[in-house]
Amino acid sequence: MPVTGATAGGVPVAELVRAVARTVPWRALAAGGGLGLLIAAVPRLTGGDAGGWPALTALRAGALAFALGAAFWLDDPARHTTAVVPARRALRHGLRLALLAPVAALWWTAALLLVPRPLRPPAAGVTVEAATALALALTGAAFAVHRREAARPGQAVAGFLLVTAVLAPLLCPEDWALFVTPEDESWAVAHDRWTVLLGALLLAGALCLTEPARRYGRRGLRSPSGTSGPSRG
Amino acid sequence: MTATTTAPPSPAVTTHGPRASWTAVFALAAFEGRRLLCRVPVLVAFAVYLVWTVWRTHGAYDGHPALQDVDRATQGPPVLVGLAVLLGVHQAVLRSRRYDTDRHLSVLVVQPWRRTAAHLLSVVPVALLVAVCVGAQFAWQALKPTAVGHGSPAELLVGPLSVLLFGAFGVLLGRLLPVPLAAPLLIVSLLLFSVFASGPPGAAGWSRWLVPSVGENSFATLPSDLIGRPAAWHALYLAGLALSVALAALLFSGGARLWSVRAGAAAAVALTLVGAVGQSRGVPEETAEARVRATVAPEKTQRCVARDATVYCAFPEWEPRTGEWAAVVDDVRSLAGGGAEKRPLTVRQRIEARHGLDGDAALAASPRPGEVTVGTSWGGNRTPEFAVAVAVVLVTGREEAAGAMCDGRIVTVMWTALAGRPDPVTDLRRVRLDDSATGGAVVLSQTETLQMTAAHTEVLRALLDLPRDEAAARVKGNWAELTAPEVTTRRVAQVLGLGAPEGEDECQ
C-alpha cells in the first residue's frame, strides 16, 4: 500500500488522522459544547443584572457540560478489533486528543467571550478549572479503557464526572477550598490547588494512555464474542 | 393416537395472557428496582444523603426542635438522591438500546409501554427508602422530650415525591432522547436553573412554588398555624406532576392507543393544575390576620400559668416549655437581693410574625413593666440570653431600659444572669456578639442589645472569679446601691470590694 505523509514507527499518521476524525463522537461533543455555550450565555441573556457569582457559576456549569460531552471522546465501538493494529494505543488516543485540543480551545474562548466583560472572572484561574474538568473526563475515559478494556466508557465516565461535580462543592473541606469567588482572597491559593489537581490528572492520564503490559481481571483470554474461551472438553 | 392429536388446545394460554404480562411487568420492575438501588451514583447519593442528614440533625435546633421546622428540613437533601435516580433510570432505559437487545425484546409479549411502566415502577423502591429516611429523621426529633409543635405530613411527603418526579423524568427522557449524554446535560441544566431561579428571593410568589423543594428566607420559628405554606396543595401538585410525567412516558412508548392511559394522563394534568392553582393563592386572609394578632396582641391566643411570683404566658404549642423557662427564672431570682427576688414578673412569648417566613424582623423590647420576652427557640445561646433579659427586668423593672443602660448596673445584671449557670464564662462568650470574654462587646438578646464596656467586663470577670456564695453575699448586701441608676463602674467595683477597673468605660 503506498503510504503518503508523515509516519510514526511505520504507521501512516496522516491517513490515521482522517480515519480517527471520522470515528470520534462529534455529535456528543457538539451537544455538550452547544449546551455549554448556551449556559455560559445565560448571564448575558438575562440582561447582565446577575452578579459575578452567577456568571462564574454559569461558566463553571458550561465547562462541565463540555467536559460531559468530551467524556465520550475515547468511545470506540471497534476498539476490540483495532487492538491488534500496529498503531499503538498512545498514538491512537493522542490523535483523538490532538483533534479535541483546538476545538476545546476555540470553544472555551467563545464561552469566555459570551460572559459580559464586567462579570467575567479572571480568565487564567477559571481556565485552569475548566481544563481540570476536561482532564478529569478524559483521564477517566482513558483509565476505563486502560483498566477494563471498555469499548464505550463514555456513559459511565459521564456519570462519574457528574457525581464528582455535584458532590465536590458540597463536600470540599474548608481548608482546601476549591470553589471560591474572585472577590475571595483565597482565589489565588485555590487556583494553585486547581493547578496541582490538573497536573496530577494529566500525569495519571498520560500513564493510562499506554496499553497495559498484562491484562487485569480474569486470567485467560476473553473476547466480546465469547467464542475464544478455553475449550471445555 | 387420533385422540391425542385432536385434543383441543388449552385455553389457559389465552385467558391468562394479560395477567401474565402484568406479572412480567412486576418481575421486570423488581429486577430494575434492585439494579437501580445498586447503581453507583444512587449508592453514593444515598451515602451522602444519610451522612449529611445525620450530621446536620445531630446537633440541630440546640436540642429543642420545633416540629414545624423539622418537617421542612427533610425536603432539600432527597433532591440529591432524585438526581442520581434520574441518571440511573435513564441509563437503565437505554440499556437495551446500548447492547442492541431491543430486537430480542420486541418478540416478547411485554410491549414497549409495559417495559416503560416497569421502569417507572422501579423508582418506587428508592422513593420508599427515601420516605423511610425522611420518617426516621422526623421521628428522631419528634421523640425528643424537648420537642414542641406539630409537623405537617404534606411537608414530609415532598422528599419522596420529588424522587418519584425525578425518576419519572429520567424514564421520559430515555424515551424522548435515547442518547446517554441527555441525562447528565439535563442535570447540569437543572442545577444551573436552580441557581438562577433562587436568585431574587420572594419575587413572583406563584413561580417559586413550581420547583420540588421550596425553602424559606427566614429561620424564625413560628406557631404552626401561622406558617401559611400551602403544603398540602404543593404535595398534590408534585404528585400530579410526577404522575403526568410518568403517563407521558407511557404515551410516548406506545401507550397512546390505550384509552385508560390517555384518560389517566388527562386526569394527572388536571390534578397538577389544581395543585398549581391551589398553591399559588398566597397566604390566606385568616392566617394573615392571625399573624397580626399573634404579633400585636399575643395575650389573646396565649394561656398563662403562674409559678411563685412569675406568670408564664406561652403560645399553646410551647406550653410544655414553661418548666425550662421557670428553672432559669428561679436561678436568676435566687441571686437577686433587695426585694428584687420577689418582684412580680410576666414571662411572655412574643414573635414578629407579620412577614411570615419571608424575612427576619427585629422584635422591639416590651414596654410593659415587669414583662420579659421569650422567643420561640430555646437551648444553646437562647438560654443565657433569656437569663440576661430576666436579670435586666429584675434590676431595672423594664425590658426597654436595656438599650439605654450604660452604667455600673450592667455588672449586676450580667452577674445575676450568669452566675447561676453551670459555666458562667462560657455563657458570657455565648451572649456576646464577638464571642469574647474580655474587653467591650455587644450583648445579644431576643430584643434590645446591651453594651458592655471593657471596665464592665473586667469587674464582672473579677466578681465571677470569687466563690459564688461570697459574691452573692456581697451583691445582695449592696443591692440598692449596685442597682441605683447612673452608678459608675468604679463605684460598683468599690462597693463589691474589688480593684478599680483599668479599661475604658465609655459606651459607643
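For the structure, check the block above.
The model shown is predicted, which means the values in this text are computed figures rather than measured ones.

Visitor: Got a sec to walk through the interface of chain A and chain B? Specific residues and values, please.
Guide: Taken residue by residue, the interface counts 28 residues in chain A and 18 residues in chain B. Taken together, the two surfaces of chain A and chain B that pack against each other cover about 2,000 Å², and 83% of this comes from carbon and sulfur. Contact with chain B buries surface across chain A, with R152(A), Q155(A) and L162(A) losing the most and accounting together for 29% of the total. Taken together, the connections running from chain A to chain B amount to zero salt bridges. At the boundary of chain A with chain B, the tally comes to two residue pairs in polar contact (both at pLDDT 80 or more). Elements with a contribution of two residues or more to the side of chain A that touches chain B: α2 (26-40), α3 (42-45), α4 (52-70) and α8 (154-171) of chain A.

Visitor: If you had to explain the pairing of strand β3 (residues 345-349) of chain B to someone new, which residues and values would you point to?
Guide: Residue and element names in this part refer to chain B. Among the five residues in β3, four count as buried, and that is most of the element. Summarising the sheet, strand β2 (residues 310-314) and β3 pair through four bridges and their orientation is parallel. Within the sheet, the bridge partner assigned to Y312 lies in β3 and is V347. Across four bridges, β3 lies against strand β4 (residues 371-374) in parallel orientation. Across the sheet, T346 pairs through a bridge with E371, a residue of β4.

Visitor: Outline the side chain of T139(A), listing residues and values.
Guide: Residues and elements named next belong to chain A. Examined against the element boundaries, T139 turns out to sit in helix α7 (residues 123-148). Classification of T139 by relative accessible area gives buried; the value is 11%. Looking at T139, its side chain comes within polar contact range of the main-chain oxygen of L201, at 3.2 Å. If we skip the residues at most four places from it in the chain, T139 touches L201, A204 and G205.

Visitor: Account for the state of the cysteines, naming residues and giving values.
Guide: Residues and elements named next belong to chain B. This model, assessed by the stated rule, comprises one disulfide over all chains. Between C304 and C313 runs a disulfide, and the two sulfur atoms are separated by 2.0 Å. A torsion of 110° about the S-S bond marks the disulfide between C304 and C313 as right-handed. Assessed through its relative accessible area of 1%, C313 is described here as buried. No disulfide involves C38; its sulfur sits 15 Å from the nearest other cysteine sulfur, which is in C133. Of the residues examined, C38 reaches a relative accessible area of 57% and is grouped as exposed.

Visitor: Tell me about helix α6 (residues 89-114) of chain A, and please be specific about residues and values.
Guide: Residue and element names in this part refer to chain A. Counted at 1.5 Å a residue, the expected span for α6 with its 26 residues is 38 Å, and the 37 Å between its end C-alpha atoms agrees. Within the span of α6, buried status applies to R89, R92, H93, L95, R96, L99, L100, A104, W107, W108, A111 and L112. Of the surrounding secondary structure, the elements contacted by the buried residues of α6 are α1 (13-23), α2, α4, α5 (79-82) and α7.

Visitor: Outline unusual backbone geometry, supporting the account with residue identities and numerical values.
Guide: Residues and elements named next belong to chain B. A positive phi angle is found at D62, which is not glycine, with a value near 50°. Position of D62 relative to the elements: it lies in the loop between α4 (40-58) and α5 (67-73). Of note, E486 is a non-glycine position whose phi angle comes to about 70°, a positive value. Relative to the helices and strands, E486 resides in the loop between α22 (479-482) and α23 (489-495).

Visitor: Give me the lowdown on the nonpolar core, citing residues and values where you can.
Guide: Residue and element names in this part refer to chain B. Core analysis: the largest hydrophobic core is formed by 68 residues, its most contacted members being W325, F386, V388, M414, W415, L450 and L463. Ranked by residue count, the leading element in this core is helix α16 (residues 382-396), at ten residues. Of the residues that make up this core, three or more belong to each of domain 1 (18-194 + 207-282) and domain 2 (292-495). Residues in contact with L463, not counting those within four places in the same chain, are V411, W415, A471, V475, L496 and L498.

Each value, and the rule that gives it
Residues numbered from 1 in each chain as written. Chains lettered and ligands numbered in written order. Predicted model: local features only at pLDDT ≥ 70, side-chain atom pairs only at ≥ 80, totals over all residues. Heavy atoms only, no water. Contact = heavy atoms within 4.5 Å. Buried area = accessible area lost by both parts, 1.4 Å probe. Salt bridge = Lys/Arg side-chain N within 4 Å of Asp/Glu carboxyl O. Polar contact = N/O pair within 3.5 Å; in protein donor to acceptor, adjacent residues only side chain to side chain. Helix = DSSP H or I, 4+ residues; strand = E, 2+ residues; numbered from the N terminus. Buried < 20%, exposed > 50% of the residue type's maximum accessible area, 1.4 Å probe, protein only. Pairing = 2+ DSSP bridges. Disulfide = S-S within 2.5 Å. Expected span 1.5 Å × (residues − 1). Core = buried A, V, L, I, M, F, W, Y, C linked by side-chain atoms within 4.5 Å. Domains from an automatic or database assignment.

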